[in-house]
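Examination of the molecular architecture
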Amino acid sequence: MEEHLLTVRNLRVSFDTYAGEVQAVRGVSFYLDEGETLAIVGESGCGKSVTIQTIMKLLPTPPSRIKEGSICYQGKELTALSDKEMEEYRGKEFSMIFQDSMTSLNPTMRVGKQMIEGILRHQKISRGEAKKRAVELLGKVGLPNPELVYRRYPHTMSGGQRQRVMIAMAMACNPKILFADEPTTALDVTMQAQILDLMNQLKKELGTSILLITHDLGVVAKMADRIAVMYAGKVVEYGDARQIFYNPCHPYTWGLLGAMPNLIQDVKSELYAIPGTPPDLYAPPEGCAFAARCPYAMGACLKLDPEEYVCSDGHVSRCWLMDERAEEVTPPDGVPTLPRKSVPGKPSGNTLPEGGTAHE
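Calculation criteria
- Residues numbered from 1 in each chain as written.
- Predicted model: local features only at pLDDT ≥ 70, side-chain atom pairs only at ≥ 80, totals over all residues.
- Heavy atoms only, no water.
- Buried < 20%, exposed > 50% of the residue type's maximum accessible area, 1.4 Å probe, protein only.
- Helix = DSSP H or I, 4+ residues; strand = E, 2+ residues; numbered from the N terminus.
- Pairing = 2+ DSSP bridges.
- Contact = heavy atoms within 4.5 Å.
- Axes fitted to C-alpha atoms, helices over the stretch in contact; angles between N-to-C directions.
- Parallel < 35°, antiparallel > 145°, perpendicular 65-115°, else oblique.
- Left-handed = near helix turned anticlockwise from the far one by under 90°.
- Salt bridge = Lys/Arg side-chain N within 4 Å of Asp/Glu carboxyl O.

Bringing the pairing of strand β9 (residues 226-231) into the picture now. Burial of β9 is extensive: six of the six residues sit out of reach of the surface. Pairing of β9 with strand β10 (residues 234-240) involves six bridges; the strand directions are antiparallel. The residue bridging Arg226 from the neighbouring strand is Asp240, located in β10. The loop that links β9 with its antiparallel partner β10 comprises two residues; one of these, Ala232, has a positive phi angle of about 50°.

Okay, here's the thing in structure tokens:
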């Protein structure tokens, strides 16, 4: 069996609050190989950021707790490590680009001081060599006059410049995995494209794997090798980028793709909108979490949580519509149709109730 760089199996993470337990992540599984980019896509609140912050052990305990699951990095079980042991991994093996560079950088410290702090922590070099390394990285991420940038404070820089500083800091110790939590959210379109090109360039030069968190499918199309679509704390569809974009199998994925503007469609046509709101994870629904918002929901969807159906090699979906006994449905305009003939069978343990038909 091939060993992956990072493997997450059946991860369940909850937050204990005064109002009760919030089940933020509910059985997430995926893997990441060397030199590839995996994108986790979904609406705000679906558990994307909680998943990667759990991997890096950045969440305070309490209120957070890992209820179940495994996080394995190069054969090492990370859930068994103490905070002290995990410090050897953060910065050296794992690095993170946060979505808001202004609040992630210390406003009272110059950029250079913040950069060399991590370099000196993980590399046995002198302070002078650490400064040289920091200036070199600032130049590599496209910042003009890196010597001057090294001495500046974060508040004197633009959003795009601060985000480039964040990338330089993240790459300072040549990490094996770069976690990017919506790294282009606060940037204009032009700067977004430059940051994405920069990340792809660094990935090729250094062989770094990227775990990208985003709700922007345009960013995913440019960056991702494989995609995990999350909804209400679960991965509802998983496959490589071509499978997800050209052969999606879950109604939630159809909705995300249908909501994207299409440059070749009629400019007067309306974008598809997913009705309703995500469920309350204080009390997740009994069946499929997406059933209340799904125009194709059946009786089984409201009672039973679907297991994974195999759509094609490496492509799976958690949806009762993939069961060969379900009625044929038509996705929204502009979204590829459901490949029902390729479905090999039904999942074990669940039974599709008779008479379960799609409703409006």
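Next comes the rest of the write-up.
What follows covers the environment of Met109. Looking at the element boundaries, Met109 is found in the loop between α3 (101-104) and α4 (111-122). Assessed through its relative accessible area of 16%, Met109 is described here as buried. In sequence terms Met109 and Arg152 are 43 residues apart; their C-alpha atoms lie 8.7 Å from each other. Aside from chain neighbours lying at most four places away, what touches Met109 is Gln114, Tyr153 and Pro154.

As a packed pair, helix α7 (residues 159-170) and helix α8 (residues 189-206) sit with axes 11 Å apart at the nearest point and diverge in direction by 15°. Between α7 and α8, the crossing angle belongs to the class labelled roughly parallel. For the pair α7 and α8, the crossing hand works out as right-handed. Counted together, Gly160, Gln163, Arg164 and Ile167 of α7 and Met191, Gln194, Ile195, Leu198, Met199 and Leu202 of α8 form the full contact between these two elements.

Our next topic: the pattern of salt bridges. Side chains that differ in sign of charge can pair as their charged atoms come close. Enumeration over the complete set of coordinates arrives at 14 salt bridges. Between Arg121 and Glu87 there is a salt bridge, with its nearest N and O atoms 3.5 Å apart. Of this pair, Arg121 sits in helix α4 while Glu87 is found in the loop between α2 (83-86) and β6 (94-97), placing the two residues 34 residues apart along the sequence. Its relative accessible area of 32% is what places Glu87 among the partly exposed residues. Glu93 is paired through a salt bridge with Lys176; the nearest N and O atoms lie 4.0 Å apart. With Glu93 in the loop between α2 and β6 and Lys176 in the loop between α7 and β7 (177-181), the pair connects residues that are 83 residues apart, well separated along the chain. Assessed through its relative accessible area of 15%, Glu93 is described here as buried. Using a relative accessible area of 37% as the deciding quantity, one classes Lys176 as partly exposed.

Attention now goes to the sheet that holds strand β1 (residues 6-17). With respect to topology, four strands assemble into an open sheet ordered β2-β1-β4-β5, the strand pairing being antiparallel. Edge positions in the sheet fall to β2 (20-32) and β5 (76-77), since each of these pairs with one other strand and no more. Bridge count for β1 against strand β4 (residues 64-73) is eight bridges, and the pairing is antiparallel. Counted as the bridge partner of Ser14 is Arg65 from β4. Set on the sheet, helix α1 (residues 48-55) makes contact with β1, β2 and β4; between it and β1 the angle comes to about 110°.

The subject of this paragraph is the sheet that holds strand β3 (residues 37-41). Through backbone hydrogen bonds, the strands of a sheet pair up, either in parallel or in antiparallel fashion. If you trace the eight strands from one edge of the open sheet to the other, you get β6-β7-β8-β3-β9-β10-β12-β11, paired in mixed fashion. Pairing within the sheet leaves two strands with one partner each, and these edge strands are β6 and β11 (309-312). Neighbour to neighbour, the strand axes of the sheet diverge by 20° on average, direction disregarded. Across four bridges, β6 lies against β7 in parallel orientation. In the strand pairing of β7, Phe94 is matched with Ile177. Along the sheet face, α1 touches β3, β6, β7, β8 (209-214) and β9 and points at about 145° away from the line of β8. Contacting β6 and β7, α7 crosses the sheet at an angle of about 175° to β6.

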